[in-house]
Amino acid sequence: MTLPAPYPPLVSGADGLDRYPSDPAALARRMAEIYGLGADRVLPVRGLTHGLELVWRLAAREGLTVQAPDAAPYADLAALYSRPTTSDQPFAVVVRALGSPEAVEEMAAAVAPALLVVDEGLIEFADSPSAATVLGRSPNLVVLRSLSLAYGLAGARVGAALASPDTVARLASALEPYALPEPLIRLAQQALDPSRLLETAERIDGVKRERARVAREVGRLMQVEPGVGPIIMARPEDPESLLADLARFGVPADRSGERLRLPVFLKPEVNDRLLAALGLNAPRTRPARTGQSVRDTKETRIVCAVDLDSTGPVRIETGVGFFDHMLEQVAAHGGFSIRLKCEGDLHTDPHHTIEDSAIALGQALKQALGERRGIARYGFVLPMDEANATVSIDLSGRPYPVFEGSFATPFIGDYRTDLTAHVFRSLAEAMGAAVHVSVTGDDDHHKTEAVYKAFGRALRQAIRIEGDAVPSTKGVL
């Protein structure tokens, strides 16, 4: 049946879910862009396990076998789909990532005409290039990718099978109807949107840094293999006892033979619980002050992340060059990290991009401030040549914007100067802060830059940690 439901479901964000799923062709095209392939070489699937299952289905259909590692999920699929056969030639050989495209190409030639299926579910966290780079030279190669861990979509189950067009068509013939539900298609498209990729890359790099740190610390007590992905493999003397210790600290882990798979997270304070469970390091007394906002409208798609306790990285990409430069000034003079990527309707006007980016930055700052415990709370001021900007901030939790000043020049590059007041109003409202701005001078470039720099300097003072108390006689902000 393909008729739509007679009414939409009673759930939020359900627009269009009263209809059957659409063809994931747009998702395939976006994945192809990400992986540097033609769209005819990409088959979206429900995660890596689903891609493996398609291989086993085809083998079962042809009465052949699949050679694979004797571990989950491979062993489970073998038990489900294996059939008696008299053939010595397997339908496919499944291996984990081999470390180099050259090794993959060599093995693909060795197992031909059987398919060589390479599990690259964790390739984004590895330092080696993808086996997909040799797809054009190995027609019997299938590379399985996943959005589960690198894109934070473990619960959504979305991935892709990458292969020659003929092999993609064979795998697609084993797909069940409506294999990818519409919500999964939408989530994957959002996760792979260009506005997300900057922050996704930063997250992956952050996990790799934490993986190296945790492996180094744990290696002081036991043999450690860095592993691939957000895990390290450890060989403790008593795995069961260590699992119990980790459970008491709320650290998830599981056993793999004589080894333990220990998780690595992006936030250092979470990983410190693992180290504390091993008696290596006490948890941090103050969590990192980080915040993130995701803002999607019909006009813009934005991801913004800030770290109030780190000066870098600073990367701003809105498509409005002067505005990028101004937000970089806020970060530089504020002494904190901003990463912001916006895909906006610049073909219409920069208004939506500038306004929504300011809102997203304010939301990220508000999240990073948390309870605002121990902050200085107030800050102000900055001259720039003939221009003078005064910015007073009260991180009170109560939004109140005031802007005094005007600009004679309508544009600086693609930046509309009349939006400057709008930016600081949006920041004040999204942050929950009183922001009073006053600017005078002759050169509108200087005046605008002075305002952004002054805001950064005022914010630097206001977010400074001075103790542990909430700076209010009320006891809360």
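Residues numbered from 1 in each chain as written. Predicted model: local features only at pLDDT ≥ 70, side-chain atom pairs only at ≥ 80, totals over all residues. Heavy atoms only, no water.

Novice: Any chance you could break down the state of the cysteines for me, citing the residues and the numbers?
Specialist: Evaluation of the coordinates by the stated rule reveals zero disulfides. Of all cysteine sulfurs, the one in C304 lies closest to C342, which takes part in no disulfide; the gap is 11 Å. Relative accessible area serves as the criterion here: at 4%, C342 is assigned to the buried category. (Disulfide = S-S within 2.5 Å. Buried < 20%, exposed > 50% of the residue type's maximum accessible area, 1.4 Å probe, protein only.)

Novice: Tell me about the pairing of strand β8 (residues 231-235), and please be specific about residues and values.
Specialist: Within β8, four of the five residues are buried, which leaves the element mostly enclosed by the surrounding structure. Of the pairings in the sheet, the one linking strand β7 (residues 223-225) to β8 comprises three bridges and is antiparallel in character. Among the inter-strand pairings, E225 is bridged to a residue of β8, identified as M233. The pairing of β8 with strand β10 (residues 259-263) spans four bridges and is classified as antiparallel. (Helix = DSSP H or I, 4+ residues; strand = E, 2+ residues; numbered from the N terminus. Pairing = 2+ DSSP bridges.)

Novice: Quick one: what's the story with the sheet that holds strand β14 (residues 337-344), residue by residue and with numbers?
Specialist: An order of β11-β12-β14-β13 is seen for the four strands of this open sheet, with the pairing classed as mixed. Looking along the sheet, the strands with just one partner apiece sit at the ends: β11 (290-296) and β13 (315-317). The average undirected angle you get between the axes of adjacent strands in this sheet is 5 degrees. As paired elements, strand β12 (residues 300-307) and β14 share eight bridges and run antiparallel to each other. Of the residues in β14, the one forming a bridge with V306 is I338. (Axes fitted to C-alpha atoms, helices over the stretch in contact; angles between N-to-C directions.)

Novice: Can you lay out the side chain of R289 for me, pointing to particular residues and giving the numbers?
Specialist: Tracing the backbone shows R289 in the loop between α9 (268-277) and β11. Note on R289: relative accessible area 8%, which makes it buried. A polar atom in the side chain of R289 sits 3.0 Å from the side chain of D309. Of note is the side chain of R289, whose polar atom sits 2.8 Å from the backbone oxygen of I463. (Polar contact = N/O pair within 3.5 Å; in protein donor to acceptor, adjacent residues only side chain to side chain.)

Novice: Give a description of a negative patch on the surface that names residues and reports values.
Specialist: Negative charge collects at one region of the surface, where D385, E386, D442 and D443 lie side by side. Mapping D385 onto the fold places it in the loop between β16 (382-384) and β17 (387-394). D385 sits in the exposed class, given a relative accessible area of 63%. (Patch = residues over 30% accessible without salt bridge, like charges linked within 9 Å, V, L, I, M, F, W, Y side chains within 5 Å. Areas by Shrake-Rupley, 256 points an atom, 1.4 Å probe, with all protein chains shown as cover. Salt bridge = Lys/Arg side-chain N within 4 Å of Asp/Glu carboxyl O. Lys, Arg positive; Asp, Glu negative; His and termini not counted. Charge placed at Lys NZ, Arg CZ, Asp CG, Glu CD.)

Novice: If you had to explain the pairing of strand β21 (residues 434-440) to someone new, which residues and values would you point to?
Specialist: Sheet topology places β17 next to β21; seven bridges connect them, and they run antiparallel. For S392, the partnering residue across the bridge sits in β21 and is H436. Where strand β18 (residues 400-404) and β21 come together, five bridges link them in parallel fashion. Within β21, the residue paired with P401 across the bridge is V435.

Novice: Hey, could you go over the pattern of salt bridges for me, with residue numbers and the actual values?
Specialist: Scanning the entire structure with this criterion turns up 35 salt bridges. A salt bridge links E33 to R30; the shortest N-O distance between them is 2.5 Å. Here R30 and E33 lie together in helix α1 (residues 25-35), a separation of three residues that amounts to about one turn. Here R57 and E53 are joined by a salt bridge, their closest N and O atoms 3.3 Å apart.

Novice: Report on the nonpolar core, specifying residues and quantitative values.
Specialist: With 56 residues, the main nonpolar core has M31, L116, L147 and L162 as its most contacted residues. If near-sequence neighbours (up to four positions away) are discounted, L147 is found in contact with M31, Y35, G152, L153, V158, G159, A188 and L192. Core analysis: the next-biggest nonpolar cluster, separate from the first, contains 51 residues, A364, A368, V435 and Y452 among them. (Core = buried A, V, L, I, M, F, W, Y, C linked by side-chain atoms within 4.5 Å. Contact = heavy atoms within 4.5 Å.)

Novice: Describe in detail the packing of helix α2 (residues 47-61) against helix α3 (residues 74-81), supporting the description with residues and values.
Specialist: At their nearest, the axes of α2 and α3 sit 10 Å apart, and the two run at 30 degrees to each other. When the axis of α2 is compared with that of α3, the two are roughly parallel. Between α2 and α3 the crossing geometry is right-handed. Along the contact surface, α2 presents T49, L52, E53, W56, R57 and A60, while α3 presents Y74, L77, A78 and Y81. When its residues are assigned to classes, the contact of α2 with α3 shows seven nonpolar, one polar and two charged. (Parallel < 35°, antiparallel > 145°, perpendicular 65-115°, else oblique. Left-handed = near helix turned anticlockwise from the far one by under 90°. Nonpolar A, V, L, I, M, F, W, Y, C, P; charged D, E, K, R; others polar.)

Novice: Quick rundown of α3? Include the residues and the values.
Specialist: Every buried residue of α3 is listed here: Y74, L77 and Y81. Taken end-on, α3 shows its buried residues confined to a sector of 65 degrees, consistent with a single buried face. For α3, exposure combined with an orientation more than 90 degrees from the buried face picks out D76 and A79. Contacts from the buried residues of α3 go to α2, β3 (92-96) and β4 (115-119). (Arc of directions from axis to C-beta.)

Novice: Before we move on, can you summarise the packing of aromatic side chains with the specific residues and values?
Specialist: Within a pair of aromatic rings, the relevant descriptors are the distance that separates the centres and the angle that separates the planes. Applying the stated rule across the entire model yields eight aromatic pairs. Ring plane angle 70 degrees and centroid distance 6.5 Å describe the contact between F323 and Y452, whose orientation is recorded as edge-to-face. Here the residue F323 occupies a position in helix α10 (residues 321-334), and Y452 occupies one in helix α13 (residues 444-463), the gap between them amounting to 129 residues. Each member of the pair F323 and Y452 is classed as buried. Three or more aromatic residues joined by ring pairs form one cluster here, namely F322, F323, Y415, F424, Y452 and F455. (Phe/Tyr/Trp six-rings, centres within 6.5 Å; stacked < 30°, edge-to-face > 60°.)

The analysis is restricted to geometry; functional conclusions fall outside its scope.
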